[in-house]
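Observations on the three-dimensional arrangement
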Amino acid sequence: MGLELYIDVTIKETATGRIISFDPTYSYNKSFHIFWFDGWAAAPVRCSWIEIINRYGSTHYTEEDNLIPFPQTVLREMCSCLLSYCCVPEENRYQLDLETSFWDSGKREQRHGTPYKTEQRYSHIEWDEHYYTENNFLTLSRVLREIIWMLDQIHYENKYIPISRAHGLDEAFQWVFDKWTFPDDYIELPDDLKKFKENPSAYTWEFNLLNSY
């Protein structure tokens, strides 16, 4: 069974604690995914994100934990970390799986003077093998950055502006959210959606990292 990594969100009415969100695909779920990445290329991201979450919350989660809650304030550093995986380090280019990124502080000192590789570690791995992996990270980073911007608008201005395809995210948005409009289609009742649009800061977004393998 391979690795699947998700960021899950639940939207609650702050005053009552009542959950207003749901997953259109599985309507019995009250949470929904805003990020997912499968395959073992996600493994080093998982390690870095758990380290970031532990630092923010003084927690001690490990790769063995399947459900890891974290505060909204962690999202910016998580996005910054994700962007660092858009360029695979030289020592990773001929690996079967991505192992580290430029984010990993423990590896930075070892990278000084790393030679530009001309030989493959495995004969069947071409020099551009990680090209699509890098693009996947870039796509996910762009979507997560737009979600952060939307949440900032709510926090600082009490203004709800859904993620627009006019932002140049048409392909990325469809890849992550498929046919659904975010976050309108993830709020179950029309009356709740109306109230949310009128006063979005009256609602709390709760985040979990789902580590499935």
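Up top you'll find the structure we're talking about.
These notes cover the structure that comes with them. Along each chain, the written sequence defines residue order, and numbers are assigned to residues from 1. Two thresholds apply to this predicted model, a pLDDT of at least 70 for residue-level local features and 80 or more for giving and counting side-chain atom pairs, whereas whole-chain, interface and lining totals are computed over all residues. To get the side-chain values, take all heavy atoms of the structure and skip hydrogens and water.

Describing the sheet that holds strand β4 (residues 203-212)
Sheet strands associate in pairs through backbone hydrogen bonding, adopting either a parallel or an antiparallel arrangement. Threshold: Two strands pair if DSSP finds at least two bridges between them. Secondary structure elements are defined from DSSP: runs of H or I of at least 4 residues count as helices, runs of E of at least 2 residues count as strands, and each element is numbered from the N terminus. Fitting a line to C-alpha atoms yields each axis, with helices limited to the stretch in contact; the angle taken between N-to-C directions then spans 0 to 180 degrees.
Taken together, four strands build an open sheet; the order of strands is β2-β1-β4-β3 and the sheet is antiparallel. Strands with a single pairing partner mark the edges of an open sheet, and in this sheet they are β2 (32-38) and β3 (67-70). Across this sheet, the average inter-strand angle for adjacent strands is 20°, counted without regard to direction. Inspection of the sheet shows strand β1 (residues 4-13) paired to β2 by six bridges, in the antiparallel sense. Considered in β2, the bridge of D8 is made with H33.

Notes on unusual backbone geometry
How we decide: Between buried and exposed lies partly exposed: a residue is buried under 20% and exposed over 50% of the maximum accessible area for its type, with that area taken using a 1.4 Å probe on protein chains only.
Backbone geometry at S58 places phi at a positive 50°, although glycine is not the residue there. Structurally, S58 is set in the loop between α1 (43-57) and β3. Take S58: its relative accessible area is 62%, and that puts it in the exposed class. The residue N158 is not glycine, and still its phi comes out positive at about 50°. Along the chain, the position of N158 falls in the loop between α4 (131-157) and α5 (170-177).

Quick notes on the packing of α1 against helix α2 (residues 75-84)
In plain terms, the rule: By the definition adopted for this analysis, an angle is roughly parallel if under 35 degrees, roughly antiparallel if over 145, roughly perpendicular if from 65 to 115, and oblique otherwise. Less than a right angle of anticlockwise turn of the near helix away from the far helix marks a crossing as left-handed, whereas a clockwise turn marks it as right-handed. The criterion used for residue contact is that any of the two residues' heavy atoms lie within 4.5 Å. Each residue gets one label: Ala, Val, Leu, Ile, Met, Phe, Trp, Tyr, Cys and Pro are nonpolar, Asp, Glu, Lys and Arg are charged, and the others, such as Gly, are polar.
Following both chains from N to C, one finds α1 and α2 inclined at 155°, their axes separated by 10 Å at the closest point. Taken together, the axes of α1 and α2 lie roughly antiparallel to each other. Between α1 and α2 lies a crossing whose hand is right-handed. Where α1 approaches α2, its residues V45, S48, W49, I52, R55 and Y56 are matched on the opposing element by E77, M78, C81 and L82. For the contact of α1 with α2, a count of residues per class yields seven nonpolar, one polar and two charged.

Considerations on the packing of α2 against α4
To characterise two packed helices, one gives the angle between the axes of the helices and the distance between these axes. At their nearest, the axes of α2 and α4 sit 9 Å apart, and the two run at 160° to each other. As summarised for this structure, α2 and α4 are arranged roughly antiparallel, according to the angle between their axes. When you trace α2 past α4, the crossing you get is left-handed. Along the contact surface, α2 presents L75, R76, C79, L82 and L83, while α4 presents F137, L138, L140, S141, L144, R145, I148, L151 and D152. For the contact of α2 with α4, a count of residues per class yields 10 nonpolar, one polar and three charged.

Considering the nonpolar core
The line we're drawing: By nonpolar core we mean a set of buried residues, namely Ala, Val, Leu, Ile, Met, Phe, Trp, Tyr and Cys, connected to one another through side-chain atoms within 4.5 Å.
Core analysis: the biggest nonpolar cluster contains 50 residues, and I7, I34, W49 and W205 have the highest contact counts within it. Only β1, β2, α1, β3, α2, α4, α6 (190-198) and β4 provide two or more residues apiece to this core. In terms of residues, this core owes the most to one element, α4, which gives nine residues.

Brief notes about α2
For α2, the buried fraction is high: seven of the 10 residues fall into the buried class. Listing the buried residues of α2 in full gives L75, E77, M78, C79, C81, L82 and S84. Among the structural elements, β1, β2, α1, β3, α4 and β4 are those in contact with the buried residues of α2.

Here we look at the pattern of salt bridges
Operational definition: Salt bridges are defined by distance alone: a side-chain nitrogen of Lys or Arg within 4 Å of a carboxyl oxygen of Asp or Glu.
Within the structure shown, the criterion is met by 11 salt bridges. For K197, the salt bridge identified is with D184, shortest N-O distance 3.3 Å. Highlighted residues: K197 in helix α6 and D184 in the loop between α5 and α6, separated in sequence by 13 residues. Given a relative accessible area of 15%, D184 falls into the buried group. Residue D191 is joined to K195 by a salt bridge in which the shortest nitrogen-to-oxygen separation is 3.3 Å. With D191 and K195 both in helix α6 and four residues apart, the pair spans about one turn of that helix. With relative accessibility at 38%, the residue K195 sits in the partly exposed group. If you follow the salt bridges from partner to partner, you end up with E13, R18 and D192 in one network.

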